[in-house]
Amino acid sequence: MLDFAIFAVTFIVVLVGAVVYLYPSSRRSSDIPGLNPSDEKDGNLQDIVNRGGLHEFLVALHEEFGSVASFWFGRRLVVSLGSVDQLRQHINPNHTTDSFETMLKSLLGYQSGEGVTEAVIRKKMYDNAINETLKKNVSLVLKLIEELVGKWVSFPEGQHIPLCAHLLGLSMKTVTQLALGERFGEDAQVISFRKNHDAIWCEIGKGYLDGAQEKSSSRKTLYETALTEMESVLLSVAKERKANKKQMVFVDMLQKSSLTERQIMEDCMVFTLAGCVITANLCIWVLHFLSTSEEVQDRLYQELEDVLGSDPITFDKIPQLKYCQQVLNETVRTAKLTPVAARLQALDGKVDQHVIPKETLVIYALGVVLQDSNTWSAARRFNPDRFEEDSSRKTFSLLGFSGNQTCPELRFAYTIATVMLSTLVRRMRLHQLEGQVLEVKSELVSAPKEETWITVSRRSST
């Protein structure tokens, strides 16, 4: 019933744009409490900007109007659902599409024109390609992680380690090599990729909300140049790997299908863009939270010792690491890793006593739900033990963060993070810096506003 992607559609311009394209502009009446438009043309857009982003806006909206609330984007009614009960009630017939992939492809200008059946088949190919890539390349992931851990081990004890810088670098190396192959084992290729990746992601995350890209010709040119260069690289990689490959990676899996070169390039773009950011920030947040709790570190260490002993992790051992899964689940929840998702209401629907008209954009305020004290006890506290309970696991699955509804990029990030923890926690202890205040930037993916630091020390048994 609630088959939606867990990725945050923080800036909803593209989805609304698609709605406006498909349906005539109109003011639909509704009995759902909420804000009146503050501007005839833009609706409540300026209110969103003033709050600092959609997540912050939704927090205030639900505090004022309750768990079902409405606002206006342009001339379009938007309904936001901010509690588990309301999300559970919401039935959306368009359950075959991935909202994040749809948004990202629209932002990039990719209009495939596929029918529902073709879209489902293509999504299945995409999911399977990621899963098979992970199965075949855990040893490569382990090698890249061991290089980083070895670097940390060599540091003098007490040296400050910048998590964002190091883990973004690890994420870029891992995702590019698993997506595109050994060509990206060269640092120069990764650096060039990252320059274009950052330019594209920055505009997708920011420029489309405030219109800044359209106001700055230089900024628009930078984005368009980066996108063109990235597409050219992805197309060339796909062509060269038809003739020469030493390992099976994501692009190779796609080439086994009936997809065109253009479709393969688009799927590689989505995976590399989303995969790098989601993986990096999951790893950043989990190490930050672990550094605040020696008890959680020790429990995780004991599980790793019990399951793995002195052996390196293998793909088949990952499902046995139950407490590690709890730690990652609690990281996603506490950090509100992906704070918003969205769906288009295809048919008239109903939540509680409220009718949601056809063609309404429905927001899933996941960041609000993940911090709801009615759903989670001590909601702002990092506590992996809460996921020992069936109720917490079921709620998490309902929200799209586990089970069959988990999107493939998050499953990929969980695997990378598990391999990282299996290596790092068995060799080192993590320590937080006294007095460090971590502020959150809730965009497409929640990230620290500033660099975040930890220190490490060797475990006595190593």
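Here the structure is a predicted model, which is why all the values come from computation and not from measurement.

## A closer look at the overall build of the protein
Each helix and strand counted, the protein has 17 helices and eleven strands in total. Taken over 462 residues, the protein has a buried fraction of 56%. The long-range share in the protein, meaning contacts at least 24 apart out of those at least 6 apart in sequence, stands at 76%. If you sum the accessible surface of the protein, you get close to 19,500 Å²; carbon and sulfur atoms cover 49% of it.

## So, the pairing of strand β1 (residues 68-73)
Summarising burial for β1: six of the six residues are buried, a large majority. A two-sided burial pattern is seen for β1, the buried positions comprising Val68, Ser70 and Trp72 on one face and Ala69, Phe71 and Phe73 on the other. Where β1 lies against strand β2 (residues 76-81), six bridges are found, and the strand directions are antiparallel. Looking at β2, one finds that Phe73 is bridged to Arg76. Two successive antiparallel strands, β1 and β2, enclose a turn made up of two residues, where Gly74 displays a positive phi of approximately 65°.

## Description of the pairing of strand β11 (residues 453-458)
Of the strand pairs in this sheet, strand β3 (residues 161-162) and β11 are connected by two bridges, and their pairing is antiparallel. Note that in β11 the partner of Pro162 across the bridge is Trp453.

## Overview of the sheet that holds strand β8 (residues 428-432)
The strand order β3-β11-β8 describes an open sheet built from three strands, whose pairing is antiparallel. Whereas interior strands pair on both sides, the edge strands pair on one side only; in this sheet they are β3 and β8. Relative to β11, β8 runs antiparallel, the two being bridged by five bridges. For Gln432, the partnering residue across the bridge sits in β11 and is Ile454.

## Focus on the pattern of salt bridges
Under the criterion given, the structure shown has 24 salt bridges. The shortest N-O distance in the salt bridge between Lys242 and Glu261 comes to 3.5 Å. Highlighted residues: Lys242 in helix α10 (residues 217-243) and Glu261 in helix α12 (residues 261-291), separated in sequence by 19 residues. One salt-bridge network, in which partners are shared between bridges, spans Arg122, Glu231, Arg262, Glu266 and Asp267.

## Regarding the environment of Leu234
Turning to its location among the elements, Leu234 is positioned in helix α10. The buried category is assigned to Leu234, whose relative accessible area is 1%. C-alpha of Leu234 to C-alpha of Leu180: the two residues are 54 residues apart in sequence and 7.9 Å apart in space. Discounting chain neighbours no more than four positions away, the residues touching Leu234 are Leu180, Met265, Cys268 and Met269.

## A short note on α10
A rise of 1.5 Å per residue sets the reference length of α10, with its 27 residues, at 39 Å; its end C-alpha atoms lie 40 Å apart and thus fit the reference within 8%. All of the buried residues in α10 are Tyr223, Ala226, Leu227, Met230, Glu231, Leu234, Val237, Ala238 and Arg241.

## With respect to the confidence of the model for the protein
The pLDDT averaged across the protein works out to 85; a share of 85% of its residues lies at or above 70. Least confident of the elements in the protein is helix α1 (residues 13-22), whose mean pLDDT is 46; most confident is helix α13 (residues 294-308), at 98. Low pLDDT, under 50, characterises residues 1-14; the stretch is placed with 74 contacts to residues that sit more than four places away or in other chains. Here residues 92-96 scores under 50 on pLDDT; set against residues more than four positions off or in separate chains, the count is 15 contacts.

## Brief notes about the sheet that holds strand β7 (residues 361-364)
One open sheet holds the four strands; their spatial order is β1-β2-β7-β4, and the pairing between them is mixed. Pairing within the sheet leaves two strands with one partner each, and these edge strands are β1 and β4 (341-344). Neighbour to neighbour, the strand axes of the sheet diverge by 25° on average, direction disregarded.

## Let's talk about the packing of α10 against α12
Interaxial distance between α10 and α12 falls to 9 Å at its minimum, and their mutual angle equals 115°. Our pair here, α10 against α12, has a crossing hand that is right-handed. On the side of α10, the interface is formed by Leu227, Met230, Glu231, Leu234, Leu235, Ala238, Lys239 and Lys242, while α12 contributes Glu261, Arg262, Ile264, Met265, Cys268 and Met269. Classifying every residue of the contact of α10 with α12 by side-chain character gives nine nonpolar, no polar and five charged.

So, how was this worked out
Residues numbered from 1 in each chain as written. Predicted model: local features only at pLDDT ≥ 70, side-chain atom pairs only at ≥ 80, totals over all residues. Heavy atoms only, no water. Helix = DSSP H or I, 4+ residues; strand = E, 2+ residues; numbered from the N terminus. Buried < 20%, exposed > 50% of the residue type's maximum accessible area, 1.4 Å probe, protein only. Contact = heavy atoms within 4.5 Å. Areas by Shrake-Rupley, 256 points an atom, 1.4 Å probe, with all protein chains shown as cover. Pairing = 2+ DSSP bridges. Salt bridge = Lys/Arg side-chain N within 4 Å of Asp/Glu carboxyl O. Expected span 1.5 Å × (residues − 1). pLDDT = per-residue confidence, 0-100. Axes fitted to C-alpha atoms, helices over the stretch in contact; angles between N-to-C directions. Left-handed = near helix turned anticlockwise from the far one by under 90°. Nonpolar A, V, L, I, M, F, W, Y, C, P; charged D, E, K, R; others polar.

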